[in-house]
Amino acid sequence: MADGHFGHISEADERQMLDAIQKWIEKKVAPVAMKLEHDNEWPADLVEDMAELGLFGAIIHPDYGGLGLSATTYSKIVTMISQEWMSLTGIFNSHLMMATVVQRFGTDYQKDYWLPKFATGEMRGGLGLTEPDAGTDLQGIRTVARRHGDNYIVNGTKTWISNAIEGHCVALLVKTDPDAQPRHKGMSMLIVPKIDPETKVPLKGIKNGKKLEKLGYKGIDSGEFIFEDYEVDAKKSLVGGEEGKGFIMATGGLEIGRVNIAARSVGIAKRALAESVKYAQLRKTMGKPICEHQAIQLKLGEMAAKTRAAELLTQDAAAAFDRGERIDMEAGMAKFFASETAVEVAFEAMRIHGGYGYSKEYVIERLYRDAPLMCIGEGTNEMQRIIIAKQLVARNPV
C-alpha cells in the first residue's frame, strides 16, 4: 500500500460502509442540499460529518490513519453522494488528490508527517496546478520556487483551486528550474500550508485572492492563491525530496481525479435518469402518462443505456487502478464518456420535465448546471480524446 495502490475490503464491509453513507445522505444531506446550493454556502456541518465518516482518509493507507479503500469502493461512494449533491465529493476528492501525491511519491518522513493530518481532515487541501495562463498545458506554469538554504521561496499565482479558501494547504506545482528543457524537467511539487500545522497560526507570504463565482458546483469554494516571497521548509514540502519530478506527480494525482470525475458524472446521470423515469410516470398528456409516448421512451432508453455504459467504464478504470496498472487510457475513456453522458442525460431530463425542469424547486436544474464542469475538470475532454488515441496506438504497434 505504501506505493499508492489501494487495498480491498470484504463485500460485507463495503456494503456496511455504503449503507452508512446512504443513511447519512438521506438524513443529513438531502434536507439541506438545495438551500446550501442556492445560497452558495460552505457546508461546514456536512464537512465535519465527512471527516467523522473517514472520507478525508478514504484512500489513505490505514498505517497513516486512513480507511485504505480501493478505487472501486471509493468510486461507488463518490457516485452515491453525487446523486444527492455533487459538490460535496469535490471537497474530499481534491483533498485526496493531494494526499495521493504524498502517498505515492513522498519520503517516509513526509508520509509520517502529512498523511495522518490529511486522513483526519485536520489539514484539508487540494491540488494547485492551474494558473491564469496555464490550465491543461501544465508545462506553461510560471509559479517559481527558489532554493534558499533549507527552505524554498515561492512567488506566483494559482487560480481555480478547489478548497483554496476553506482548506489549509495545497500540493503546489512549481518551477524550480524555469530554464529547463524540456520544460517538465524543471517542475517540482511542494506541499504548502496556509497555516502552521502545529499551532494553526496563519503563515506569511500566502494569501487567497477572490472566491470565484461559478455556474454550478456551489458549496465547494474555488479560489486563487497568491504567493509573495512565501517561505516553506524543503524537507517537509519538496515531495520525494528531489526536484524535477513534479510533472509526473501532478499527472499521477490526476489519474484518481479522473476516476472521481467519471464517478461524479455517473451520479449526476443516474439521478437525472431516476427523476425522469419517475416524472414520466406521473405527468400526463393527451390522457396518458408521458412514459407511454414514444418520443419520451426514445429519450429514456438512450439515457439508461449511456448511463450504464458510463458506470461500467468507470468501474473498469477503477479496477485497473486497483491492479496497479497504468490507466491514462482507461481513466480518460471513463472521464470523457461519463462526463459527456452526464451533460446529455441532464439536458434530456430537463426536456422531459418541461418547465418544471427549468425551475429551481426541482433538482434537475442543478444537475444541468453541475454536469458541464465534468467535461472540463481534471483535463478537458478534448485532451482525453488525444490521450486515448495515443495510448491506443502505443499499445497496439504494427
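Residues numbered from 1 in each chain as written. Predicted model: local features only at pLDDT ≥ 70, side-chain atom pairs only at ≥ 80, totals over all residues. Heavy atoms only, no water.

*Asks:* Tell me what's going on with the overall build of the chain, and back it up with residues and numbers.
*Replies:* When you go through the chain residue by residue, the secondary structure sums to twelve helices and nine strands. Relative to the globule expectation of 21 Å for 398 residues, the C-alpha radius of gyration of the chain, 21 Å, shows essentially globular dimensions. For the chain, the spread of C-alpha atoms along the principal axes amounts to about 80 × 55 × 45 Å. Taken over 398 residues, the chain has a buried fraction of 55%. When the accessible area of the chain is evaluated, it comes to approximately 17300 Å², of which 53% is carbon and sulfur surface. Side-chain charges of the chain comprise 49 positive and 54 negative groups, with the mean position of each set lying 4 Å from the other. (Helix = DSSP H or I, 4+ residues; strand = E, 2+ residues; numbered from the N terminus. Rg over C-alpha atoms; globule rule 2.2 N^0.38 Å. Buried < 20%, exposed > 50% of the residue type's maximum accessible area, 1.4 Å probe, protein only. Areas by Shrake-Rupley, 256 points an atom, 1.4 Å probe, with all protein chains shown as cover. Lys, Arg positive; Asp, Glu negative; His and termini not counted. Charge placed at Lys NZ, Arg CZ, Asp CG, Glu CD.)

*Asks:* How would you explain the confidence of the model for the chain if you had to name every residue and give the values?
*Replies:* Residue-level pLDDT values for the chain average 94, and 98% of them are 70 or greater. The model gives residues 1-6 a pLDDT under 50, and that stretch makes 22 contacts with residues more than four places away or in other chains. (pLDDT = per-residue confidence, 0-100. Contact = heavy atoms within 4.5 Å.)

*Asks:* Got a sec to walk through the packing of helix α4 (residues 71-85) against helix α5 (residues 87-105)? Specific residues and values, please.
*Replies:* Between α4 and α5, the least distance of the axes is 7 Å, while the angle of their chain directions is 145°. Where α4 abuts α5, its residues Y74, V78, I81, S82 and W85 lie against S87, L88, T89, F92, N93 and L96. Broken down by class, the residue content of the contact of α4 with α5 amounts to seven nonpolar, four polar and no charged. (Axes fitted to C-alpha atoms, helices over the stretch in contact; angles between N-to-C directions. Nonpolar A, V, L, I, M, F, W, Y, C, P; charged D, E, K, R; others polar.)

*Asks:* Give me the pattern of salt bridges: which residues, what numbers.
*Replies:* In the structure shown here, the tally under the stated rule is 21 salt bridges. For D39, the salt bridge identified is with K35, shortest N-O distance 2.6 Å. Residue D39 and its partner K35 are located together in helix α2 (residues 33-39), separated by four residues, close to a single helical turn. Given the relative accessible area of 42%, D39 is considered partly exposed. Here R271 ties to E275 by a salt bridge, and the two come within 2.9 Å at their closest N and O atoms. Of this pair, R271 and E275 both sit in helix α8 (residues 246-282), four residues apart, which is roughly one turn of that helix. Both residues of the pair, R271 and E275, count as buried. It is possible to trace a salt-bridge network through shared partners that takes in R326, D328, E330 and R395. (Salt bridge = Lys/Arg side-chain N within 4 Å of Asp/Glu carboxyl O.)

*Asks:* Which residues make up unusual backbone geometry, and what values do they have?
*Replies:* Look at the link from Q181 to P182: it is a cis peptide, with omega at -5°. Despite not being glycine, N163 shows a phi value in the positive range, around 70°. The topology assignment puts N163 in the loop between β3 (151-162) and β4 (169-175). By relative accessible area, which is 3% here, N163 ends up buried.

*Asks:* Explain α8 to me, using residue names and the numbers behind them.
*Replies:* The end-to-end C-alpha distance of α8, which contains 37 residues, comes to 54 Å, matching closely the 54 Å that a straight helix rising 1.5 Å per residue would cover. When the local axis directions of α8 are compared, the greatest deviation, roughly 25°, occurs at E255. (Expected span 1.5 Å × (residues − 1). Bend = angle between axes of the 7 residues up to and from the residue.)

*Asks:* Pulling in residues and values, what's your account of the packing of aromatic side chains?
*Replies:* Following the criterion strictly, the structure yields nine aromatic pairs and no others. An aromatic cluster of at least three residues, connected via ring pairs, comprises Y109, Y113, W114 and F118. (Phe/Tyr/Trp six-rings, centres within 6.5 Å; stacked < 30°, edge-to-face > 60°.)

*Asks:* Can you break down the pairing of strand β5 (residues 187-193) residue by residue, with the values?
*Replies:* Within β5, seven of the seven residues are buried, leaving the element largely enclosed by the surrounding structure. Here seven bridges tie β4 to β5, and the two strands are oriented antiparallel to one another. The partner of K175 across the bridge, within β5, is M187. (Pairing = 2+ DSSP bridges.)

*Asks:* Mind laying out the nonpolar core, listing which residues take part and the relevant values?
*Replies:* Grouped together as the largest cluster of nonpolar side chains are 95 residues, with contacts concentrated most on W24, M50, I81, L88, F92, F118 and M189. For this core, the element with the highest residue contribution is α8, accounting for 15 residues. Within the second largest apolar cluster, 17 residues are counted, among which are V154, V192, A234 and L238. (Core = buried A, V, L, I, M, F, W, Y, C linked by side-chain atoms within 4.5 Å.)

*Asks:* Outline a negative patch on the surface, supporting the account with residue identities and numerical values.
*Replies:* Judged by side-chain charge, E41, D45, E48 and E52 come together as a negatively charged surface patch. Among the secondary structure elements, E41 is positioned in the loop between α2 and α3 (44-53). (Patch = residues over 30% accessible without salt bridge, like charges linked within 9 Å, V, L, I, M, F, W, Y side chains within 5 Å.)

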